[in-house]
Amino acid sequence: MAALLKAALPQLRTFKPQELANTAWALATLGHADVDFVAALMEAAKPQLRNFTPQALANTVWAFATLGHADGAFMASLLKAAEPQLRDFTPRNLVNTVWALATLGHTDDAFMAALLKAATLQLREFTPQNLANLAWALAALGHADGAFMAALLKAATPQMRNFNPQDVANTAWALAALDHADDAFMAALLQQAAGMVRDLACAENRTQLFLCMLWLKDQQSDVAVPAQLSAACKRAWMEERSDALPSRVQLEVLAVVRQLPGCSGAASEQVTEDGLVSIDIAVQLLDGSRLAVEVDGPTHFLSNAPTVPNGATRLRNRLLEARGWRVVSVPARTGWDPHAKRGQQAAREYLLSLGVGPV
């Protein structure tokens, strides 16, 4: 493969749109991530994006997301080329495109509105996997559209019996992350999950379902959660939480937090009173209020809007707030360094500016 890419590299500028899309798709399918070649492939594709077919556009964005190659400028150009063609995208093209955006953490509200408009017209043609993946992607991006979700669930209801374990888990998590309540749909979905407990072998699927159960509890929902399903998912969640260890940055933030007024008792890797939700740094303030300081790396935010939390982060924050904790996010991506030029004083000022400490 290395020899083939070396031979292709100087010829990329002569590749036609379909050849560029096929090359990207092949690399992603093979799982061959050659950073330099992929960057050159993007550079060659960019001036030709307007000539890509809907299938080529969808395959290309899926390929780069699968390869984990994020380039905000290229994505913006691709979406600009794709938007006028969305009416010609197949259901799979639409879903693969949103999945790619979610995987890359790339948001574009205008494009998403246009895509959902196109998807609404075809929802009856979506497969169970299409529907579940679309719901998951919207939730991962934190893109809430109540009317569209209602339409999606309406299309999903008669197909629910064909959902596989991952479809069930993705959809349940999506409803929680989007804070979209539909008791009738959720009750049916959890019954479907209960009937396949033994097939929910993937720990991630079980933890997704447990997060949904926590959200239902916080909503004081009347939806009954089957006991066997609840127990299995809780075990998976607790096992995952028990493996958590503080990062270097988290410990550095903790040291500075303890220097702030009323925060000397701050503790790392704590849990809420019910023992179910982890807190990076927990602070019990003198006035009795509680502060959850979350040290959030880049994966907690959208890549092209790095101050905007993604769907998973928003769900975490809601779960903590429902348990009486005020959440303050410390973005680790900003190059946190308490040992930099102004040292500890600058670090303290930075944390105070974020709201760490008494209100």
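What you see is a predicted model, and the numbers here were worked out from it, not measured in a lab. Along each chain, numbering runs from 1 in the same order as the chain's sequence is written. Given that this is a predicted model, residues contribute local features only at a pLDDT of at least 70 and side-chain atom pairs are listed and counted only at 80 or more, while totals for whole chains, interfaces and linings are drawn from all residues. Only heavy atoms go into the side-chain values, all of them from the structure, while hydrogens and water stay out.

Peer 1: Would you mind going over the overall build of the protein with me for this structure?
Peer 2: Under the DSSP-based scheme used, a helix requires at least four consecutive residues in state H or I and a strand at least two consecutive residues in state E, with every element numbered from the N terminus. Along the protein, the regular secondary structure elements total 16 helices and six strands. In terms of overall dimensions, the protein is globule-like: its C-alpha atoms have a radius of gyration of 23 Å, near the 21 Å expected for 359 residues. Dimensions of the protein, computed from C-alpha atoms along their principal axes, come out at roughly 65 × 55 × 35 Å. By the burial criterion, 50% of the 359 residues in the protein qualify as buried. We take the radius of gyration over the C-alpha atoms and set the globule estimate at 2.2 Å times the residue count to the 0.38 power. Three labels apply to residues, based on accessible area from a 1.4 Å probe with only protein chains included: buried if under 20% of the type maximum, exposed if over 50%, partly exposed otherwise in between.

Peer 1: When you look at the layout of surface pockets in this model, what are you seeing that I'm missing?
Peer 2: For the largest pocket, the calculated volume is near 1,100 Å³. In this structure, the largest pocket is lined by 40 residues; those nearest its centre are Glu240, His300, Ala312, Thr313 and Arg316. When residues of the lining of the largest pocket are traced back to their parent elements, those giving at least two are helix H6 (91–104), helix H8 (128–141), helix H12 (203–218), helix H13 (227–242), strand E2 (278–284), strand E3 (290–296), strand E4 (301–302) and helix H15 (311–322). Ranked by residues supplied to the lining of the largest pocket, first place goes to H15 with five residues. Only Asp, Glu, Lys and Arg are considered charged in this grouping, and only Ala, Val, Leu, Ile, Met, Phe, Trp, Tyr, Cys and Pro are considered nonpolar; every other residue, Gly among them, is considered polar. Its residues assigned to classes, the lining of the largest pocket shows 19 nonpolar, 13 polar and eight charged. Cavities and pockets were defined on a 1 Å grid built from protein atoms only: a cavity is a group of points that admits a 1.4 Å probe but offers it no way out, a pocket is an open group of points flanked by protein on both sides within 12 Å along at least five of seven lines, and a lining residue is one with an atom within 4 Å of any such point. Grid points are joined across faces, edges and corners, and a volume is the space filled by probe spheres set on the points. Space inside the second largest pocket adds up to approximately 340 Å³. Lining the second largest pocket are 15 residues, and of these Trp62, Arg92, Asn96, Gln129 and Asn133 lie nearest its centre. The set of elements that each furnish at least two residues to the lining of the second largest pocket consists of helix H4 (54–66), H6 and H8. Of all the elements, H6 adds the most residues to the lining of the second largest pocket, at five residues. A class-by-class count of the residues in the lining of the second largest pocket yields four nonpolar, ten polar and one charged.

Peer 1: Hey, could you run me through a negative patch on the surface in this one?
Peer 2: Negative charge collects at one region of the surface, where Glu204, Glu239, Glu240 and Asp243 lie side by side. If you trace the backbone, Glu239 turns up in helix H13. By definition, no residue in a patch forms a salt bridge, and every one has over 30% relative accessible area; like charges are joined within 9 Å, nonpolar side chains (Val, Leu, Ile, Met, Phe, Trp, Tyr) within 5 Å. All accessible areas in this document rest on Shrake-Rupley with a 1.4 Å probe, and a residue is counted as covered only by the protein chains that are shown. Salt bridge criterion: a side-chain nitrogen from Lys or Arg within 4 Å of a carboxyl oxygen from Asp or Glu. The charge count treats Lys and Arg as positive and Asp and Glu as negative. His and the chain ends do not count. Every charge is mapped onto a representative atom, which is NZ of Lys, CZ of Arg, CG of Asp or CD of Glu.

Peer 1: Is there a simple way to explain the pairing of E2 in this structure?
Peer 2: It is a general feature of regular strands that their side chains alternate between the two faces of the sheet. Across the seven residues of E2, five count as buried, placing the element largely inside the fold. Two strands qualify as a pair provided DSSP detects at least 2 bridges between them. Across four bridges, the pairing between strand E1 (residues 267–271) and E2 is antiparallel. The residue bridging Gln270 from the neighbouring strand is Ile279, located in E2. Linking E1 to E2, which pair antiparallel, is a turn of six residues; within it Gly275 sits at a positive phi near 75 degrees. Note: E2 against E3, four bridges, orientation antiparallel. Bridge pairing in E3 links Val283 to Leu291. As consecutive antiparallel partners, E2 and E3 are separated by five residues, and within that stretch Gly288 has a phi angle of approximately 95 degrees, a positive value.

Peer 1: Sorry, what's going on with H8 here?
Peer 2: The α-helix winds at 3.6 residues per turn, so residues separated by three or four positions along the chain end up facing the same way. One less than the number of residues in a helix, times 1.5 Å, gives the span that helix is expected to have. For H8, spanning 14 residues, the distance from its first C-alpha to its last is 20 Å, which sits close to the expected 20 Å at 1.5 Å a residue. Burial analysis of H8 places twelve of its 14 residues in the buried class, the great majority of the element. Residues count as neighbours in contact if any of their non-hydrogen atoms are within 4.5 Å of one another. Tucked inside the fold, the buried residues of H8 contact H6, helix H7 (109–120), helix H9 (146–156), helix H10 (165–177), E4 and H15. At the exit of H8 stands Gly142, carrying a positive phi of roughly 70 degrees.

Peer 1: Could you clarify how one ought to interpret helix H2 (residues 17–30) in this entry?
Peer 2: Helix length check: H2 (14 residues) gives 20 Å between terminal C-alpha atoms against 20 Å at 1.5 Å per residue, within 8%. Close packing links the buried residues of H2 with helix H1 (2–8), helix H3 (35–45) and H4. The positive-phi residue at the C-terminal boundary of H2 is Gly31, with phi of around 70 degrees.

Peer 1: In this structure, what is going on with the pattern of salt bridges? I would like to understand it.
Peer 2: Where side chains of opposite charge bring their charged atoms close, a pairing between them can arise. Summed over all chains, the structure comprises six salt bridges. Linking Arg323 and Asp218 is a salt bridge whose minimum nitrogen-to-oxygen distance equals 2.7 Å. Taken together, the residues Arg323 in the loop between H15 and strand E6 (326–331) and Asp218 in helix H12 connect sequence positions 105 residues apart. A relative accessible area of 12% places Arg323 in the buried class. Asp218 gets classed as partly exposed once you look at its relative accessible area, which sits at 26%. Arg323 is paired through a salt bridge with Asp274; the nearest N and O atoms lie 2.8 Å apart. One end of the pair, Arg323, is in the loop between H15 and E6; the other, Asp274, is in the loop between E1 and E2, with 49 residues separating them in the sequence. Look at the salt bridges and you will find they share partners, linking Asp218, Asp274 and Arg323 into a network.

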